[in-house]
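Single-letter residue listing:
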Number of protein chains: 10
Amino acid sequence: MNNTSSPVLAPSRELEVFPNPQARDYSIHIEIPEFTCLCPKTGQPDFAELALVYVPDRQCIELKSLKQYIWWYRDQGAFHEAVSNQILDDLVAATAPRYMRLSAEFNVRGGIYTRVVVEHRAPGWQSPPAVELP
Amino acid sequence: MNNTSSPVLAPSRELEVFPNPQARDYSIHIEIPEFTCLCPKTGQPDFAELALVYVPDRQCIELKSLKQYIWWYRDQGAFHEAVSNQILDDLVAATAPRYMRLSAEFNVRGGIYTRVVVEHRAPGWQSPPAVELP
Amino acid sequence: MNNTSSPVLAPSRELEVFPNPQARDYSIHIEIPEFTCLCPKTGQPDFAELALVYVPDRQCIELKSLKQYIWWYRDQGAFHEAVSNQILDDLVAATAPRYMRLSAEFNVRGGIYTRVVVEHRAPGWQSPPAVELP
Amino acid sequence: MNNTSSPVLAPSRELEVFPNPQARDYSIHIEIPEFTCLCPKTGQPDFAELALVYVPDRQCIELKSLKQYIWWYRDQGAFHEAVSNQILDDLVAATAPRYMRLSAEFNVRGGIYTRVVVEHRAPGWQSPPAVELP
Amino acid sequence: MNNTSSPVLAPSRELEVFPNPQARDYSIHIEIPEFTCLCPKTGQPDFAELALVYVPDRQCIELKSLKQYIWWYRDQGAFHEAVSNQILDDLVAATAPRYMRLSAEFNVRGGIYTRVVVEHRAPGWQSPPAVELP
Amino acid sequence: MNNTSSPVLAPSRELEVFPNPQARDYSIHIEIPEFTCLCPKTGQPDFAELALVYVPDRQCIELKSLKQYIWWYRDQGAFHEAVSNQILDDLVAATAPRYMRLSAEFNVRGGIYTRVVVEHRAPGWQSPPAVELP
Amino acid sequence: MNNTSSPVLAPSRELEVFPNPQARDYSIHIEIPEFTCLCPKTGQPDFAELALVYVPDRQCIELKSLKQYIWWYRDQGAFHEAVSNQILDDLVAATAPRYMRLSAEFNVRGGIYTRVVVEHRAPGWQSPPAVELP
Amino acid sequence: MNNTSSPVLAPSRELEVFPNPQARDYSIHIEIPEFTCLCPKTGQPDFAELALVYVPDRQCIELKSLKQYIWWYRDQGAFHEAVSNQILDDLVAATAPRYMRLSAEFNVRGGIYTRVVVEHRAPGWQSPPAVELP
Amino acid sequence: MNNTSSPVLAPSRELEVFPNPQARDYSIHIEIPEFTCLCPKTGQPDFAELALVYVPDRQCIELKSLKQYIWWYRDQGAFHEAVSNQILDDLVAATAPRYMRLSAEFNVRGGIYTRVVVEHRAPGWQSPPAVELP
Amino acid sequence: MNNTSSPVLAPSRELEVFPNPQARDYSIHIEIPEFTCLCPKTGQPDFAELALVYVPDRQCIELKSLKQYIWWYRDQGAFHEAVSNQILDDLVAATAPRYMRLSAEFNVRGGIYTRVVVEHRAPGWQSPPAVELP
């Protein structure tokens, strides 16, 4: 058990990664129900739930760093479509995954519910064929 | 953060768009539970829930403008089949999407429930192959 | 808004249609939970829930006329299998759809539950390939 | 059976009543999922689901007239609390019931859900004691 | 076992009763999901589900006769409140029960759902105290 | 362990009892989903689910005997209300319980669902006060 | 409406059929929750729920006759597997359907639940390809 | 309908009220799923869902002002217990209600879920007796 | 942490207890889904789920001993009512609780489901009044 | 926003408190799904979900300290009844609440599920009467 002082947490655009301990294809599923940013037109808060899944290649996302990255948007103005693509782009740039998909489900605004789903596929990567268990 | 006066909202047939911030295929899911128009035969109010999904190409639909567009039908006479096709046509004309589908579920009238489902596929566009996660 | 007197409603075997406002393939789903007719053997009332879906070609079914058509069966003797086929035949004759399916779920009689499912496919019509959203 | 022309429907603040066919205490439960009015500040549409229950005294509410009364609000500006009390007041004035309760559940606005519950009790009226069935 | 010809069924306002085989308080619960009558204003069909419960005194309702009684309304014009009270009145007149309650839940009409609940208590009858099982 | 030949089972009106092994108030809940008898008017089979609960005094119902007793009705004509009271009367006569309640839920016949609930309370017996656990 | 005397019902092994009113492929789904027979070893009652679906060719099963056929088993000894196959064989012999499947779900006996599923396919018959609605 | 410019929204500790349009006891239920503040110890974001119900006396809470008041906490450090009491105190000070209750359900932190429930009762106010509908 | 050899487990009628560490009223809820014994008439296995709750006085039931006690019934013939009372008696004898209730739900046998509920109340003990949380 | 170093976390029997910011009666509900300790007999891990609710008097429990206190049990041997009472005793000693209740639901061990519920009531404290909202 490590009892030294835990590092100070602060919002940050930096995404830390660590080496993927495995060469095989496997999937990491992450749910982030506490995303909030600001509407660029009115400055009012927006809220969303993010669902991320990816198949890592050489790098994995460090989770405390991901928390700080999500936190960074708290004071940023961001359109639904743009911020969903931006988060995927940043995560792809940091980890170069074999596959990654982000679904962002925004709280209702003006009586309208919006969900944006973006995905990245590394060139040449193919998902393994489905397994039908005996 | 921009705190200047928010623009006045009013019903409008105009659909504003903005440039799609991404070239990749991704999907935008929009639910509009507050659609209302008038029956062209009797003048009485009709109500429906709309579910829209699309894969944008160069243009995305601006949501506040979509709200005003939906609002515009509040005083219009409209048959179920015609208005469902009209909304899809208008949205396709404004955004030229790669794919778009609209489902309109109307409240019961005369003991009959009606749902109309219309879709548009850009010539040559194909949906990406399904991914089977490991 | 048209506020003139609404037409008088009465049971009728006539099915009114109107020109399909669109050339594209799309589907119309109609649920009719209030179907009732008479048992041809005993004269006692029978009840059923009808679910109709169709892809129109040149004609759509006018809903008020459909309601009157359904109403017409209220005083008719009708066997389960025959009436299900008869309704589909009448709707196909009136609208010549690309595709149509009718499911009729009858209330329990003598401890037995019956559901009849009938469909029509226009020669040469093929349903569009499934779309896998990104 | 009366098959003459049905009367023209139009929005109206008038509430028609008819004589209660019974002297006993009994309850009438009415759900109106299609209430819509306008926000008095912004002019934008508001939507609500109304649930009404009452124990009539000498008058009952005529349902077609109630539909037209609800329709009348479609073009009126109305605050949540005021309109809920106004509807109850109008219904009480028209029918002088022994008991009446209205619950109005408004669609989310600005991330906030509101429900207003108002009730009227005629002086001296008491609900009957509960029955415990053998 | 009696295999002679079953009696002919026909709609009828007559309610047959038979002597209650017991003196004790007990309850009979009856659900009738297939009630239909006509709207007295428009002549169009109305549908409802009836739930009846009663504590018989000297007479019980004969079920086949109840079915024919319900069937009788198929061609009658009837307002929601009046018909609910009428059915209770007829059943009370035929059986003089210790307690009886009728709930009539009508299908949606004009976007409005209605349920009418009426009950009869014989003077001096009291429901037995609740039992708390060990 | 007794491994001698199991006794032959046959339908029987006899109800066997055995001495209640306890003086305290306690409850025995028995569900019998497989009750069937014949309609005395038409000779056709009827089906019901029985739910029995009782607080025994000096005698308990022997279950195999109860099964044979229920089986005995398989070839008997029986009206809903009469058979429910008859079964309770027989069980009370056999066991003289402190409290007993029988609920009989009959399968739908002619579109009508019926449930009969009968109970017996021994004079002077009172259910124990409810316990509120800390 | 035919109000003459309804025919006497009695258990019978005869299955009546009537000419299929249609040449097209369609399906008839029948649920029979009230099947009962006797265990051939012990003579005790067995209970099952039957689910039947078929695509008729030239003959349809008459439902009242089916009820009498099911009733016939009430006094017959029958093993689970044998009776399921026997019923399918009898129905196939009577109607020569294009396709038929019977599922028989027996009530628990000795702590064991049993379901038997049997089907028949007419030589050369093929089910139509699935339709993907637009 | 008033279509002039809507007022600029900004976070604010001010709570606007408006005169209660009614003297009767009635209840207003408000759900606020988008509350967020900062942990005073670590500066990290906290999230909660607030449920408010009150019986107004002379003043009602203006909803847009409530939204801005909730928004104000976005950049404030606040302990769970203190902020729940603070919000109730502010709302009571602004509206002097007859009754008010606030429930604040905080998202999980360190594996621990917390909900704080606070209420205010005006001296001498009593809730009306419950109504048992016939 | 005590890592000495765990004692050998074996079926046993002995019930071990340990001193209740507290004087206050509190409740211990124990669910035992794996009770099995033998039918005294046929020698066949019976299965039941036991639910026990008690307010201890000076002694608590040791759980491993309870498991062995339950295990002991595996080879015992036991009637439903007798064994339920026997288990309660043994537990009361061993712990002299302030309150204890046992519910035994037996698996279906011969199409009949049985549940026995027995309880013990120490003379003079009263459950504390219910708490209504603010 | 305070971004200085967060304090080091470690298991600890110390419970920190802070002054209750309010004099009124209110309730704090805390769920702790991650409690684990060791079985004192076998040394094997035990798991439980704790649900705590209390009405504070002068002191509230500091949550981070509560987390460390719960963490402390990870390496302690603890019987179910004793540890539930011990935790309540420690929390009562630290905060002297007006009311406190702890429910500890332990994972199945040896086929037996156990839940212990303990509560503390300060002498003379009474819960407020229930409110019936209009």
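Residues numbered from 1 in each chain as written. Chains lettered and ligands numbered in written order. Predicted model: local features only at pLDDT ≥ 70, side-chain atom pairs only at ≥ 80, totals over all residues. Heavy atoms only, no water.

Caption draft 1: Molecular detail of the overall build of chain A. The helix and strand tally for chain A stands at two helices and six strands. Each principal axis of the C-alpha distribution contributes one length, and for chain A these read about 50 × 45 × 30 Å. Out of the 134 residues in chain A, the part that is buried amounts to 48%. Long-range contacts, defined as pairs at least 24 residues apart, comprise 68% of the intrachain contacts of chain A with a sequence gap of at least 6. Counting every atom, chain A has about 6700 Å² of accessible surface; 53% of that belongs to carbon and sulfur. Across chain A, the 12 positively charged side chains and the 16 negatively charged ones have centroids separated by 1 Å. (Helix = DSSP H or I, 4+ residues; strand = E, 2+ residues; numbered from the N terminus. Buried < 20%, exposed > 50% of the residue type's maximum accessible area, 1.4 Å probe, protein only. Contact = heavy atoms within 4.5 Å. Areas by Shrake-Rupley, 256 points an atom, 1.4 Å probe, with all protein chains shown as cover. Lys, Arg positive; Asp, Glu negative; His and termini not counted. Charge placed at Lys NZ, Arg CZ, Asp CG, Glu CD.)

Caption draft 2: Summary view of the pairing of strand 2 (residues 28-38) of chain A. All names here are of chain A. Pairing of strand 2 with strand 3 (residues 45-55), which is carried by nine bridges, proceeds in the antiparallel orientation. Pairing of leucine 38 across the sheet is with proline 45, part of strand 3. Between strand 2 and strand 3, which pair antiparallel one after the other, the connecting turn spans six residues, and glycine 43 there sits at a positive phi close to 75°. (Pairing = 2+ DSSP bridges.)

Caption draft 3: Expanded view of the side chain of glutamate 62 of chain B. Considering the arrangement of structural elements, one finds glutamate 62 of chain B in the loop between strand 4 (59-61) and helix 1 (63-72). A polar contact is formed between the side chain of glutamate 62 of chain B and the backbone nitrogen of lysine 64 of chain B, at a distance of 3.2 Å. Not counting the four nearest positions on each side in its chain, glutamate 62 of chain B is found in contact with Lys41 of chain A together with Glu16, Val17 and Phe18 of chain B. (Polar contact = N/O pair within 3.5 Å; in protein donor to acceptor, adjacent residues only side chain to side chain.)

Caption draft 4: Fine view of the interface of chain E and chain F. Chain E puts 31 residues into the contact, and the matching count from chain F is 33 residues. Of the roughly 2700 Å² buried where chain E meets chain F, counting both sides, 58% is carbon and sulfur surface. There are two salt bridges connecting chain E and chain F. Two residues, lysine 41 of chain F and glutamate 62 of chain E, come together in a salt bridge whose shortest N-O distance is 3.1 Å. Linking chain E to chain F there are twelve residue pairs in polar contact (both at pLDDT 80 or more). (Buried area = accessible area lost by both parts, 1.4 Å probe. Salt bridge = Lys/Arg side-chain N within 4 Å of Asp/Glu carboxyl O.)

Caption draft 5: Inspection of the relation of the copies chain J and chain I at higher detail. Here chain J sits on chain I after a turn of 60° about the axis and a move of 0.2 Å along it, with an RMSD of 0.1 Å. Such a turn and shift between the copies fits a six-fold axis. For chain J, the smallest separation between a C-alpha atom and the rotation axis is recorded for alanine 130 of chain J, amounting to 11 Å. Here only 12% of the contact residues of chain J are again contact residues in chain I; the copies associate through non-equivalent surfaces. (Least-squares fit on C-alpha atoms with pLDDT ≥ 70 in both.)

Caption draft 6: Representation of the nonpolar core within the structure. If you look at the biggest cluster of nonpolar residues, it comprises 186 residues, and the most contacted ones within it are Leu66 of chain D, Leu66 of chain E, Leu66 of chain F, Leu66 of chain H, Leu66 of chain I together with Leu66 of chain J. Discounting chain neighbours no more than four positions away, the residues touching leucine 66 of chain H are Ile112 of chain D together with Leu15, Ile30, Ile32, Ile61 and Leu91 of chain H. By size, the runner-up hydrophobic cluster in this structure holds 120 residues, among which are Ile30 and Val116 of chain A together with Ile87 and Leu91 of chain B. (Core = buried A, V, L, I, M, F, W, Y, C linked by side-chain atoms within 4.5 Å.)

Caption draft 7: Representation of the relation of the copies chain E and chain F. Least-squares fitting of chain E to chain F yields an RMSD of 0.0 Å, with the transformation described by 0.0 Å of translation along the axis and a rotation of 60°. Of all interface residues in chain E, a mere 13% are interface residues in chain F too; the two copies therefore contact each other through different surfaces.

Caption draft 8: Representation of the interface of chain J and chain I in the model. Chain J puts 33 residues into the contact, and the matching count from chain I is 31 residues. Taking both sides of the interface into account, the surface hidden between chain J and chain I amounts to around 2800 Å²; carbon and sulfur atoms contribute 58%. For the interface between chain J and chain I, the tally reads two salt bridges. Taking the shortest distance from any N to any O, the salt bridge between aspartate 89 of chain J and arginine 24 of chain I comes out at 2.7 Å. The tally of links between chain J and chain I comes to twelve residue pairs in polar contact (both at pLDDT 80 or more).

Caption draft 9: How the structure looks around the confidence of the model for chain A. Residue and element names in this part refer to chain A. Here chain A averages 92 in pLDDT, and 94% of its residues register 70 or above. Low pLDDT (under 50) marks residues 1-5, which in the prediction has nine contacts with non-local residues, meaning those over four places away or in another chain. Predicted complex metrics record ipTM = 0.91 and pTM = 0.92. (pLDDT = per-residue confidence, 0-100.)

Caption draft 10: Broad picture of helix 2 (residues 80-95) of chain E. All names here are of chain E. For helix 2, built from 16 residues, the straight-helix expectation of 22 Å at 1.5 Å per residue is met to within 8% by its first-to-last C-alpha distance of 23 Å. Among the residues of helix 2, those classed as buried are His80, Glu81, Val83, Ser84, Asn85, Ile87, Leu88, Asp90, Leu91, Val92 and Thr95. In the segment just after helix 2, alanine 96 is the residue with positive phi, at about 45°. (Expected span 1.5 Å × (residues − 1).)

Caption draft 11: How the structure looks around the pattern of salt bridges. All names here are of chain A. What the rule picks out here adds up to 76 salt bridges over all chains. With a shortest N-O distance of 2.6 Å, aspartate 25 and arginine 98 are connected by a salt bridge. Highlighted residues: aspartate 25 in the loop between strand 1 (17-19) and strand 2 and arginine 98 in the loop between helix 2 (80-95) and strand 5 (99-109), separated in sequence by 73 residues. A salt bridge links glutamate 119 to arginine 121; the shortest N-O distance between them is 2.6 Å. Connected through shared salt-bridge partners, Asp25, Asp57 and Arg98 make up one network.

Caption draft 12: Quick look at the arrangement of the chains. One finds no contact linking chain C with chain I; the least C-alpha distance across the pair is 21 Å. At their nearest point, the C-alpha atoms of chain C and chain J are still 37 Å apart, with no contact between the two.

Caption draft 13: Region of interest: the pairing of strand 5 (residues 99-109) of chain D. Residue and element names in this part refer to chain D. Judged from the eight bridges that link them, strand 3 (residues 45-55) and strand 5 form a sheet pairing that is antiparallel. For alanine 51, the partnering residue across the bridge sits in strand 5 and is serine 103. The sheet contact formed by strand 5 and strand 6 (residues 112-121) spans nine bridges and is antiparallel. Following the sheet pairing, leucine 102 is matched in strand 6 by valine 118. The antiparallel pairing of strand 5 with strand 6 creates a hairpin that spans two residues between the two strands, and glycine 110 there sits at a positive phi of about 60°.

Caption draft 14: Local environment of unusual backbone geometry. Residues and elements named next belong to chain C. With phi around 45°, alanine 96 is a residue other than glycine that occupies positive phi space. Mapped onto the elements of the fold, alanine 96 is located in the loop between helix 2 (80-95) and strand 5 (99-109). The exposure class of alanine 96 is partly exposed, given its relative accessible area of 49%.

Caption draft 15: Up close: the packing of aromatic side chains. Scanning the entire structure with this criterion turns up 53 aromatic pairs over all chains. Between the aromatic rings of phenylalanine 18 of chain E and phenylalanine 79 of chain F, the centroid separation amounts to 6.2 Å while the plane-to-plane angle is 25°, which identifies the pairing as stacked. Residue phenylalanine 18 of chain E is located in strand 1 (residues 17-19), and its partner phenylalanine 79 of chain F is located in the loop between helix 1 (63-72) and helix 2 (80-95); the two belong to separate chains. Relative to tyrosine 73 of chain I, the ring of tyrosine 69 of chain I has its centre 5.3 Å away and its plane inclined at 85°; by these criteria the two rings are edge-to-face. Taken individually, tyrosine 69 of chain I and tyrosine 73 of chain I each receive the classification buried, so the pair is uniform in this respect. (Phe/Tyr/Trp six-rings, centres within 6.5 Å; stacked < 30°, edge-to-face > 60°.)

Caption draft 16: Summary view of the state of the cysteines. Under the criterion given, the structure shown has zero disulfides over all chains. Cysteine 39 of chain A provides the cysteine sulfur closest to cysteine 60 of chain B, a residue in no disulfide bond, and the two sulfurs are 15 Å apart. (Disulfide = S-S within 2.5 Å.)

Caption draft 17: Examining the environment of aspartate 46 of chain G more closely. All names here are of chain G. With respect to the secondary-structure elements, aspartate 46 resides in strand 3 (residues 45-55). It is 13 Å that separates the C-alpha atoms of aspartate 46 and glutamate 81, two residues lying 35 residues apart in sequence. Beyond its immediate stretch of four places on either side in the chain, aspartate 46 contacts Phe35, Thr36, Cys37, Leu38, Cys39, His80 and Arg109.

Caption draft 18: Geometry of the side chain of glutamate 62 of chain I. In this structure glutamate 62 of chain I comes out as buried when scored by relative accessible area, which is 10%. If we ignore the near neighbours within four places in the chain, the residues touching glutamate 62 of chain I are Glu16, Val17 and Phe18 of chain I together with Lys41 of chain J.

Caption draft 19: Region of the structure containing the environment of glutamine 44 of chain A. Its place among the elements puts glutamine 44 of chain A in the loop between strand 2 and strand 3. Linking glutamine 44 of chain A and proline 33 of chain A, residues eleven residues apart in sequence, is a C-alpha distance of 19 Å. The contact partners of glutamine 44 of chain A, leaving out residues within four places of it in the chain, are Cys37, Leu38 and Cys39 of chain A together with Leu9, Lys67 and Trp71 of chain H. At 2.5 Å, the side chain of glutamine 44 of chain A and the side chain of lysine 67 of chain H are in polar contact.

Caption draft 20: A look at the environment of tyrosine 26 of chain A. Mapped onto the fold, tyrosine 26 of chain A is located in the loop between strand 1 and strand 2. What makes tyrosine 26 of chain A partly exposed here is its relative accessible area of 23%. In this structure, the C-alpha to C-alpha distance between tyrosine 26 of chain A and arginine 98 of chain A, residues 72 residues apart in sequence, is 9.9 Å. If near-sequence neighbours (up to four positions away) are discounted, tyrosine 26 of chain A is found in contact with Asn20, Pro21, Tyr54, Val55, Pro56 and Cys60 of chain A together with Pro134 of chain B. A polar contact is formed between the side chain of tyrosine 26 of chain A and the side chain of asparagine 20 of chain A, at a distance of 2.8 Å.

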